[in-house]
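# Residue-level structural notes
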Amino acid sequence: MPDKLDDITTAEIYCRQILDGGIVACKKLYALCTMLEPRLSNGYKKWHYDRAKARRVVDFIEHFCCIPAGRRYGKPMILEPYQKFVIEVSFGFVDDDGIRQFNEIFWYVAKKNAKTTLAAAITHYALTSDFEGKPESYVIASSENQAGLC
């Protein structure tokens, strides 16, 4: 773990809280955090956890993305800790050349949890601010209308 509290990402805090019992989690999430915790600190094989890259996506979403509809229309997006956890872990593990370990994410989320809004925000980041040579993004949804919203 880093020396200063400012250097710790939400993913590291969330993982520690699950393992300490501060956040109630299912067995699979607990097992994931058990596996992830040493990797967040020490890396794994050729991958290491880059806190700046992990935090960059969350910062982008919270500073540049707004709620597109509903009673909070136009307000900045504020991510929940579990959302930050998934995003920071997904974007934070890189090799020495800065290439991400994870290129695809399967993230199953229940109804009415702003999946489309978050997918749009992540896609916006990936297409405009991820510094890839030829970024591509695909949206899969149960209906063409839902995919189009994203």
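See the structure above.
Residues numbered from 1 in each chain as written. Predicted model: local features only at pLDDT ≥ 70, side-chain atom pairs only at ≥ 80, totals over all residues. Heavy atoms only, no water.

### Points about the packing of helix α3 (residues 51-64) against helix α4 (residues 81-92)
Packing of α3 against α4 brings their axes to within 7 Å, and their N-to-C directions diverge by 130 degrees. On the basis of the axis angle, α3 is oblique to α4. Viewed along their axes, α3 and α4 form a crossing whose handedness is right-handed. On α4, the residues touching Lys53, Ala54, Arg55, Val57, Val58, Ile61 and Glu62 of α3 are Lys84, Ile87, Glu88, Phe91 and Gly92. Taken together, the residues of the contact of α3 with α4 break down into six nonpolar, one polar and five charged. (Axes fitted to C-alpha atoms, helices over the stretch in contact; angles between N-to-C directions. Helix = DSSP H or I, 4+ residues; strand = E, 2+ residues; numbered from the N terminus. Parallel < 35°, antiparallel > 145°, perpendicular 65-115°, else oblique. Left-handed = near helix turned anticlockwise from the far one by under 90°. Contact = heavy atoms within 4.5 Å. Nonpolar A, V, L, I, M, F, W, Y, C, P; charged D, E, K, R; others polar.)

### Observations regarding the environment of Val57
Note on placement: Val57 falls in helix α3. Considering only alpha carbons, one finds Val57 and Asp130, 73 residues apart in sequence, at a separation of 8.5 Å. What Val57 contacts, discounting residues up to four positions off in sequence, is Ile87, Phe91 and Tyr125.

### Examining the pattern of salt bridges
Tallying each qualifying case throughout the model produces four salt bridges. Residue Glu12 is joined to Arg51 by a salt bridge in which the shortest nitrogen-to-oxygen separation is 2.8 Å. Taken together, the residues span a long stretch of sequence, with Glu12 in helix α1 (residues 10-20) and Arg51 in helix α3 at a distance of 39 residues. Judged by its relative accessible area of 22%, Arg51 falls in the partly exposed class. Between Arg16 and Asp20 there is a salt bridge whose closest N-O contact spans 2.4 Å. One end of the pair is Arg16 and the other is Asp20, both in helix α1 and four residues apart, which spans about a single turn. Bridged by salt links that share partners, the residues Arg16, Asp20 and Glu37 form one connected network. (Salt bridge = Lys/Arg side-chain N within 4 Å of Asp/Glu carboxyl O. Buried < 20%, exposed > 50% of the residue type's maximum accessible area, 1.4 Å probe, protein only.)

### Focus: helix α5 (residues 115-128)
Along its 14 residues, α5 runs 20 Å from first to last C-alpha, staying within 8% of the 20 Å computed at 1.5 Å per residue. Of the residues making up α5, those classed as buried are Thr117, Leu118, Ala121, Ile122, Thr123, Tyr125 and Ala126. (Expected span 1.5 Å × (residues − 1).)

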